[in-house]
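Single-letter residue listing:
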There are 2 protein chains.
Amino acid sequence: MAPPLEAPEPRPERMHFDTPLPLRSGAVMPAYELMVETYGRLNAERSNAVLICHALNASHHVAGCYGGDDKTRGWWDNMVGPGRPVDTRRFFVIGINNLGSCFGSTGPMSIDPASGKSWGSRFPVVTVEDWVDSQARVLDRLGIDRLAAVMGGSLGGMQALSWTTRHAQRVAHCVAAATAPSLSAQNIAFNEVARRAIASDPDFHQGNYYEHGVVPRQGLSVARMIGHITYLSDDAMASKFGRSLRSGELTYGFDVDFQIESYLRHQGEKFSGYFDANTYLLLTRALDYFDPAGEHDGNLAAALAPATARFLLASFTTDWRFSPERSREIVRALLANRREVSYAEIDSPHGHDAFLMDEPHYHDVVRAYFGRIADELGIGEAA
Amino acid sequence: MAPPLEAPEPRPERMHFDTPLPLRSGAVMPAYELMVETYGRLNAERSNAVLICHALNASHHVAGCYGGDDKTRGWWDNMVGPGRPVDTRRFFVIGINNLGSCFGSTGPMSIDPASGKSWGSRFPVVTVEDWVDSQARVLDRLGIDRLAAVMGGSLGGMQALSWTTRHAQRVAHCVAAATAPSLSAQNIAFNEVARRAIASDPDFHQGNYYEHGVVPRQGLSVARMIGHITYLSDDAMASKFGRSLRSGELTYGFDVDFQIESYLRHQGEKFSGYFDANTYLLLTRALDYFDPAGEHDGNLAAALAPATARFLLASFTTDWRFSPERSREIVRALLANRREVSYAEIDSPHGHDAFLMDEPHYHDVVRAYFGRIADELGIGEAA
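Residues numbered from 1 in each chain as written. Chains lettered and ligands numbered in written order. Predicted model: local features only at pLDDT ≥ 70, side-chain atom pairs only at ≥ 80, totals over all residues. Heavy atoms only, no water.

### Observations regarding the sheet that holds strand S1 (residues 13–17) of chain B
Sheets are built from strands paired through backbone hydrogen bonds, the pairs being either parallel or antiparallel.
Residues and elements named next belong to chain B.
Part 1 of the argument: One open sheet accounts for eight strands, arranged S1-S4-S8-S5-S11-S12-S13-S14; its pairing is mixed. What marks the edges here is a single partner per strand, and that holds for S1 and strand S14 (341–346). Put simply, the sheet's adjacent strands are angled 20° from each other on average, direction ignored.
Part 2 of the argument: As paired elements, strand S13 (residues 310–316) and S14 share six bridges and run parallel to each other. Looking at the pairing, Phe311 lines up with Val341 of S14. (Pairing = 2+ DSSP bridges. Helix = DSSP H or I, 4+ residues; strand = E, 2+ residues; numbered from the N terminus. Axes fitted to C-alpha atoms, helices over the stretch in contact; angles between N-to-C directions.)

This is the structure we're talking about:
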């Protein structure tokens, strides 16, 4: 195999938007900023753009490293880059940090110009649809009328799906992995428990903790631990950790005995050190609220009727958060609308997390799909 | 159908034990008390006793009501009583509140005679095996040499299983529902997150909150919410709550929007009003630690080799906490030992909670099994 190709160092850009953004809630977001990162080159026809939508804890930083530091590698670097399934020698790839997130775009930590203080709990609840509308403005700014593809996994897949109905004429292809047309009661339940863990942390201060110089780390840590359990399959946890003990014997106490406890605590602590609790609330709420079929008496086909894109859906056999059945719901609705749909149910032990992992069959499917798009567009390797 | 029979009002009894109890941890429990409740009458041969072992949040109060108040109905009243599957007109049934629990038996809330203060965090970690040994002393006190059956569901099923090896000669039959031979990594993970939620509540005070006149209600509430999700099946949640909204429309906030949120918050608040947080820690730890095969290089058949009882195992198709496969592990190990085993895999939508519910097929199986025991013993209806 050829050695992996390293992308040029990405340069995140902060884009300022002065036109207020009407939100689904009825509120209006005044001037705001979005962090944007791009990879590859926009071709002369401006036809090779791919928008990557991120899930809960990711950002605009999709691929590559900053300053050659491997620790800063983008969250979907195995998928996007030169020679990767979404090949940046052919495609111009765009990553955007969602409004309300905590990686540089305007969010609860930002200063609300109206008050001169952090938005905190006053930051409006944003939805998948609001994000999609704000992303469309980034495309306008970049001079891109139509996307070769919009792509995302999990919550990112919901955005990709929403793009195909909300801005149907601007999307040629939609690639959505490990996603669902809405959350189930159990999904909402896990989100709600995570939010309660955050809100009951005394350092939360009703969301205005910035003013108190504290962060609700304990609550956010518990929230992340809950989330993490749902990202991994039961089997993956069993094979990775099983009942292994950290020190070889039981301590008969409540500190860490089992490796799985150590792993989860570590994940919780790490996450709570860099993620914003209010953003966690906002992003889980956007997940809860996404339900295109809900506005059509539960008829998903009716909700997706405006879509003209072609689709690739991928799901993973051990994903119990967004099971293959949830992807099949989308496939059935699209087929009912006589849309062109490819569907890959990937046999993977890695649960929901599989969409981020280097699963050969999954990557092969995505690579082939983007190869076809490139052929249609007549774009060869830029090199 | 005949009208349901009402049992005589049960009378809980507090039994005091002066002989110290050696625990698996190496610690020794000095004098302690256990709450005990019995139903029906011990026959002259003392051969008709059935011990019911409880799971996480239950107690010695298995059946019947206090003072005719239906709200005080025992936790397994649909299973145990006159005319019920475990018919107290034939069997003498015993309920015991486990050591470390919070319904009258000695536990973290009790006064440690050595210090004159509540045990709090100093209460020793107790195990399934310790409970079984303490229950054996209750049988000694009642003059019962051998049980017609030991029975339990979930954590109670683990105790029933442990009885068959630890006091093999004292058990004729073992009935275990919705149980497992050990927790999986995922099971431990959920317990650990629940414990972290409790321990990070500032009112927890490292387990010594009694001295501060507070209780870690918020943490305990979150812990219970997590547990509750794992008791219900995804399908049961979907059909009971789905995406129903409490007020008919989204509020674009973080208060209760969905019925499932309302339900979970209510469950959390209710539970945290009557259950003790330290007991929650102890009981989840006992679950984590139970692993008879672990002491035999993972060989469950070897671990169960001492058992001479006959067995009924029941599992529920949608129980994802202790799935049917975990019961089948026990069945296979017992069959490898040429033990007599009945196994019923009950088709139920109710998840783990099904073992507590009035599932007709399940109750029929248990009724038939106890009918056979009664026939063997030559005990007819007492009436």
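### Quick notes on the packing of helix H4 (residues 217–231) of chain A against helix H3 (residues 185–199) of chain B
Part 1 of the argument: Two numbers describe how H4(A) lies on H3(B): the axes approach to 10 Å, and their chain directions differ by 165°. Taken as axis vectors, H4(A) and H3(B) run roughly antiparallel relative to one another. Here the hand of the crossing between H4(A) and H3(B) comes out left-handed. Judged by residue contacts, Val222(A), Met225(A), Ile226(A) and Ile229(A) of H4(A) engage Gln186(B), Ala189(B), Phe190(B), Glu192(B), Val193(B), Arg196(B) and Ala197(B) from H3(B). (Parallel < 35°, antiparallel > 145°, perpendicular 65-115°, else oblique. Left-handed = near helix turned anticlockwise from the far one by under 90°. Contact = heavy atoms within 4.5 Å.)

### Focus on the sheet that holds strand S4 (residues 32–39) of chain A
Residue and element names in this part refer to chain A.
Part 1 of the argument: Ordered by their spatial adjacency, eight strands build an open sheet running S1-S4-S8-S5-S11-S12-S13-S14, and the pairing between neighbours is mixed. Looking at strand neighbours, the two that pair on one side only are strand S1 (13–17) and strand S14 (341–346), the edges of this open sheet. Neighbour-to-neighbour, the strand axes of this sheet turn through a mean angle of 20°, independent of strand direction.
Part 2 of the argument: Relative to the sheet, helix H9 (residues 324–336) contacts strand S13 (310–316) and S14, its axis offset from that of S14 by approximately 165°.

### Some thoughts on the relation of the copies chain B and chain A
Part 1 of the argument: Aligned on chain A, chain B shows an RMSD of 0.0 Å; the corresponding rotation is 180° and the shift along the axis is 0.0 Å. Classification of the inter-copy transformation places it as that of a two-fold axis.
Part 2 of the argument: Counting the interface residues of chain B, we find that 100% of their copies in chain A are interface residues as well, pointing to one common contact surface. (Least-squares fit on C-alpha atoms with pLDDT ≥ 70 in both.)

### Some thoughts on helix H2 (residues 155–166) of chain B
Residue and element names in this part refer to chain B.
Part 1 of the argument: The end-to-end C-alpha separation of H2 is 16 Å, in line with the 16 Å expected for 12 residues at 1.5 Å each.
Part 2 of the argument: The element H2 is extensively covered by neighbouring structure, given that 10 of its 12 residues are classed as buried.
Part 3 of the argument: Listing the buried residues of H2 in full gives Leu155, Gly156, Gly157, Met158, Gln159, Ala160, Leu161, Ser162, Trp163 and Thr164. (Expected span 1.5 Å × (residues − 1). Buried < 20%, exposed > 50% of the residue type's maximum accessible area, 1.4 Å probe, protein only.)

### Here's the deal with the confidence of the model for chain A
Part 1 of the argument: Within chain A, residue pLDDT values average 96, and 98% of them lie at 70 or more.
Part 2 of the argument: This prediction of the complex comes with two scores: 0.96 for pTM and 0.94 for ipTM. (pLDDT = per-residue confidence, 0-100.)

### Considerations on the interface of chain B and chain A
Part 1 of the argument: Residue-level contacts link 52 residues of chain B with 52 residues of chain A.
Part 2 of the argument: Summed over both sides, the interface of chain B with chain A buries roughly 4500 Å², with 67% coming from carbon and sulfur.
Part 3 of the argument: It is Arg243(B), Tyr252(B) and Phe254(B) in chain B that bury the most area against chain A; as a group they hold 18% of the surface buried on that side.
Part 4 of the argument: The interface formed by chain B and chain A includes 10 salt bridges.
Part 5 of the argument: Where Arg285(A) meets Asp257(B), a salt bridge forms, and the shortest distance between an N and an O atom there is 2.9 Å.
Part 6 of the argument: Along the contact surface separating chain B from chain A lie 22 residue pairs in polar contact (both at pLDDT 80 or more).
Part 7 of the argument: If you list the elements that add at least two residues to the side of chain B that touches chain A, you get H3, helix H4 (217–231), helix H5 (234–240), helix H6 (259–274) and helix H7 (277–289) of chain B. (Buried area = accessible area lost by both parts, 1.4 Å probe. Salt bridge = Lys/Arg side-chain N within 4 Å of Asp/Glu carboxyl O. Polar contact = N/O pair within 3.5 Å; in protein donor to acceptor, adjacent residues only side chain to side chain.)

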